[in-house]
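# Structural characterization, general
What follows is the residue order along each chain.
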Amino acid sequence: MNKVFLMGYMGSGKSSLGKRLSRKLGFDFIDLDKLIEERSNMSIEQIFKEKGEQEFRLLEQQALHSCFELQNVVIALGGGTPCFFDNIKLIQQNGVGVYLKMSASALASRLKNAKSIRPLIAGMNEIEVLEFIQQQLGEREKYYLRAQLIVNGLSIKMEELNKSLLEFLDQ
Ligand code: S3P
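Source: prediction; values computed, not measured. (Residues numbered from 1 in each chain as written. Predicted model: local features only at pLDDT ≥ 70, side-chain atom pairs only at ≥ 80, totals over all residues. Heavy atoms only, no water.)

### Description of the packing of helix 6 (residues 104–112) against helix 7 (residues 126–144)
- The interhelical angle for the contact between helix 6 and helix 7, taken along N-to-C directions, is 135 degrees, at an axis separation of 9 Å. As summarised for this structure, helix 6 and helix 7 are arranged oblique, according to the angle between their axes. Helix 7 is crossed by helix 6, and the crossing has right-handed handedness. When helix 6 is examined against helix 7, the residues A104, S105, L107, A108, L111 and K112 are found in contact with a partner set consisting of E126, V129, L130, I133, Q134 and L137.
- When the residues that make up the contact of helix 6 with helix 7 are grouped by side-chain class, the tally is eight nonpolar, two polar and two charged. (Axes fitted to C-alpha atoms, helices over the stretch in contact; angles between N-to-C directions. Helix = DSSP H or I, 4+ residues; strand = E, 2+ residues; numbered from the N terminus. Parallel < 35°, antiparallel > 145°, perpendicular 65-115°, else oblique. Left-handed = near helix turned anticlockwise from the far one by under 90°. Contact = heavy atoms within 4.5 Å. Nonpolar A, V, L, I, M, F, W, Y, C, P; charged D, E, K, R; others polar.)

Shown next, in the form of structure tokens:
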């Protein structure tokens, strides 16, 4: 295996960990949301607004499939990527899945301060965001927990993660 897929809820820090990890491993870094935006020439927000979530999930699936062709790469998935179609099965088959686990309340407070627009929670107040995350995380966690590695998103020990990953990755 030579691909690492970072998964976890919105705001769990997949992209920033992905950048650090790719440097450490000497791999390329891909942000799946950015790939979708580049390919469709639209922002994620625009895709949700103009085409709807269903169409977004299809674009996301296509972008994911195209990552399976790549070598030596860390991919930060979108929060929903593992939870649709047979994506989680293909992720497991094609690389090492890492779940950045975080509680709903930690995620809610991180998302409150986030600069990027997340269509799924746009326009909600703090309490609504927390309730939404609690409910959605409850539905999604069964997919995230199928990752080969699970790390505490609030206290990631890079050395340990690196060591665990090396057991899965081709040398
Ligand atoms: C989504 C998460 C977002 C993005 C889209 C939908 C989700 O990615 O793919 O807004 O369903 O959780 P991040 O997890 O990078 O914010």
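Now that the structure has been shown, the text picks up again.
### A look at the sheet that holds strand 4 (residues 96–101)
- In spatial order, the strands read 2-3-1-4-5; together these five strands make up an open sheet with parallel pairing. Here the strands that pair on one side only, and so sit at the sheet edges, are strand 2 (28–31) and strand 5 (149–152). With direction set aside, neighbouring strand axes in the sheet form an average angle of 20 degrees.
- Strand direction decides the pairing type here: strand 2 and strand 3 (residues 73–76), joined by four bridges, are parallel. In the strand pairing of strand 3, F29 is matched with V74.
- Across the sheet, helix 7 lies against strand 1 (3–7) and strand 4, angled at about 150 degrees from strand 4, the strand it touches most. (Pairing = 2+ DSSP bridges.)

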